Amino acid sequence: MRKDQKTYRRKPGQPGKAPRKSVYSRLDRIPAGEARKVITPGCLCLEGGAFRGLYTSGVLDVLMMNDINFETTIGVSAGALNALSYLAGQIGLSARMNLRYRRDPRYVGIGPMMSRQNQGVIGFDFLFSQMERTEPLNRERLMQPERRMIAVATALTTGWPVYFEKKQNLDELLMAVRASASMPFVSRPVNVCGIRCLDGGCSVKIPFEWALPRFEKIVVVRTRDRSFRPSLQDNSKIIHQLYGDFPEFEDVLLRMNETYIRELKEVDRLHEEGRIFEIVPSIPIRIGRLEKDVEKLGDVYWQGVHDAKEQLPALREYLSAGHPAGTV
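Note that the structure is a prediction, hence the values are computed from the model and not measured. (Residues numbered from 1 in each chain as written. Predicted model: local features only at pLDDT ≥ 70, side-chain atom pairs only at ≥ 80, totals over all residues. Heavy atoms only, no water.)

Caption draft 1: Molecular detail of the pattern of salt bridges. Taken as a whole and judged by the stated rule, the model has 16 salt bridges. Across the salt bridge formed by Asp 67 and Arg 36, the nearest N and O atoms sit 2.7 Å from each other. Of this pair, Asp 67 sits in the loop between helix 1 (53–65) and strand 2 (70–76) while Arg 36 sits in the segment before strand 1 (40–46), and the two are 31 residues apart along the sequence. Two residues, Glu 266 and Arg 269, come together in a salt bridge whose shortest N-O distance is 2.5 Å. Residue Glu 266 and its partner Arg 269 are located together in helix 11 (residues 256–273), separated by three residues, close to a single helical turn. Overall, Arg 269 belongs to the partly exposed group, its relative accessible area being 37%. Look at the salt bridges and you will find they share partners, linking Arg 222, Arg 226, Arg 229, Asp 268 and Glu 278 into a network. (Salt bridge = Lys/Arg side-chain N within 4 Å of Asp/Glu carboxyl O. Helix = DSSP H or I, 4+ residues; strand = E, 2+ residues; numbered from the N terminus. Buried < 20%, exposed > 50% of the residue type's maximum accessible area, 1.4 Å probe, protein only.)

And the structure:
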């Protein structure tokens, strides 16, 4: 890291390795409140990335606090989870749930994997039930027809992306979000409307292509910095061992990183042309997919807040322009 490069990490404490906290130390500083019911024309596209999604949580909180509530939101994996609180207009909800419960064994780890209800590394049943107890999701506002929400999953039998749109059934929407965020290798397929699905990120990492023919204004929130490119390591043996009975899905997993590289190149090109607007991590997010350190996760959230605030003037200019001409 360059000497002049900004970081968003907490200040170091006592010498030596401190024990990991179970709950984020600055939880009470996460903003709260209800977003105003102002609808912004256009589509918001949210990348996944497991707990890198806390970056997106920070971005969305800034958007809500500044009356930028897109008429349509499409999310993949953690992006779909973030979309729930965004459409519900609940500032800080997504961040508080993750920063409060990340280290609860009922939320992430072996416990949920052994659970008959979850059958995956993320305890969605625990998350949604705990949310209901501590800070209930505003279901009425979430399900209002004025705003659209699409959760992207990947069909196990075809390998194709499936775009589940919010309708009138909340349980169906939550099941679609669960499918969208059920990571391969560590989760069993989730049945949504008769379709067995896994993580939307297997087939689509950044869902901007769905939005391109439908919207003039498109805003993409990424969870990797602009220089990131995935490695093309050979995982063919484990993929075949686990998914050999589903050759189309197996093929999608084998090509997943190549597809991601193509998406990154295309979204960068569209950004340069001014067709879309991107909010991208200003510095690399260096955490594990299932990061346990809640202080590091808190840093990721505040990085999202910082980057979104920095981009607000350019974003407003892009949204107000008669034609797509804004750039980050």
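Once you've had a look at it, read on.
Caption draft 2: Region of interest: the confidence of the model for the protein chain. Confidence along the protein chain averages 91 in pLDDT terms, with 92% of residues attaining 70 or more. Confidence over residues 1–5 falls short of pLDDT 50; this stretch has three contacts with residues more than four positions distant or in other chains. Note on residues 323–328: pLDDT under 50 across the span, and 22 contacts to partners over four residues away in sequence or across chains. (pLDDT = per-residue confidence, 0-100. Contact = heavy atoms within 4.5 Å.)

Caption draft 3: How the structure looks around the packing of helix 1 against helix 2 (residues 78–88). It is at 10 Å that the axes of helix 1 and helix 2 come closest, and there the two elements cross at 25 degrees. As the angle between them shows, helix 1 and helix 2 are arranged roughly parallel. As helix 1 packs across helix 2, the resulting crossing turns out to be right-handed. In contact with Gly 53, Thr 56, Ser 57, Leu 60, Leu 63 and Met 64 of helix 1, helix 2 contributes Ala 78, Asn 82, Ser 85 and Tyr 86. Its residues assigned to classes, the contact of helix 1 with helix 2 comprises five nonpolar, five polar and no charged. (Axes fitted to C-alpha atoms, helices over the stretch in contact; angles between N-to-C directions. Parallel < 35°, antiparallel > 145°, perpendicular 65-115°, else oblique. Left-handed = near helix turned anticlockwise from the far one by under 90°. Nonpolar A, V, L, I, M, F, W, Y, C, P; charged D, E, K, R; others polar.)

Caption draft 4: Layout of the nonpolar core. Membership of the largest hydrophobic core comes to 93 residues, with the highest contact counts inside it found for Leu 44, Leu 63 and Leu 142. In terms of residues, this core owes the most to one element, helix 12 (residues 294–320), which gives ten residues. Sequence-distant contacts of Leu 63, that is, excluding residues within four places in its chain, are made with Leu 44, Ile 68, Phe 70, Tyr 86 and Leu 315. Membership of the second largest hydrophobic core comes to nine residues, among which are Cys 202, Phe 249, Leu 253 and Met 256. (Core = buried A, V, L, I, M, F, W, Y, C linked by side-chain atoms within 4.5 Å.)

Caption draft 5: Just helix 2, in detail. Of all eleven residues in helix 2, ten are buried, a share of seventy percent or more. Along helix 2, the positions that sit buried rather than exposed are Ala 78, Gly 79, Ala 80, Asn 82, Ala 83, Leu 84, Ser 85, Tyr 86, Leu 87 and Ala 88. Where helix 2 terminates, the next one or two residues include Gly 89, which has phi positive at roughly 70 degrees.

Caption draft 6: Seen up close, the packing of aromatic side chains. Considering all chains together, one arrives at eleven aromatic pairs under this definition. Between Phe 228 and Tyr 260 the ring centres are 6.2 Å apart and the planes differ by 50 degrees, which places this aromatic pair in the tilted class. Separated by 32 residues along the polypeptide, Phe 228 in the loop between strand 7 (218–221) and helix 9 (236–243) and Tyr 260 in helix 11 bring together distant segments of the chain. By way of ring pairs, the aromatic residues Phe 51, Tyr 101, Tyr 107 and Phe 126 are connected into one cluster. Sitting over the face of the ring of Tyr 260, Lys 205 holds its NZ or CZ atom 5.7 Å from the ring centroid. The aromatic ring of Phe 228 is capped on one face by Arg 224, whose charged end is 4.0 Å from the ring centroid. (Phe/Tyr/Trp six-rings, centres within 6.5 Å; stacked < 30°, edge-to-face > 60°. Lys NZ or Arg CZ within 6 Å of the ring centre and 35° of its normal.)

Caption draft 7: Here's a closer look at the packing of helix 3 (residues 93–101) against helix 5 (residues 124–134). One way to put it is that helix 3 packs onto helix 5 with a least axis distance of 11 Å and a crossing angle of 110 degrees. Considering their axes alone, helix 3 and helix 5 lie roughly perpendicular with respect to each other. Once helix 3 is placed against helix 5, the crossing between them reads as right-handed. Side by side, helix 3 and helix 5 meet where Leu 93, Met 97, Arg 100 and Tyr 101 of the first sit next to Phe 126, Leu 127, Gln 130, Met 131 and Thr 134 of the second. Taken together, the residues that form the contact of helix 3 with helix 5 break down as six nonpolar, two polar and one charged.

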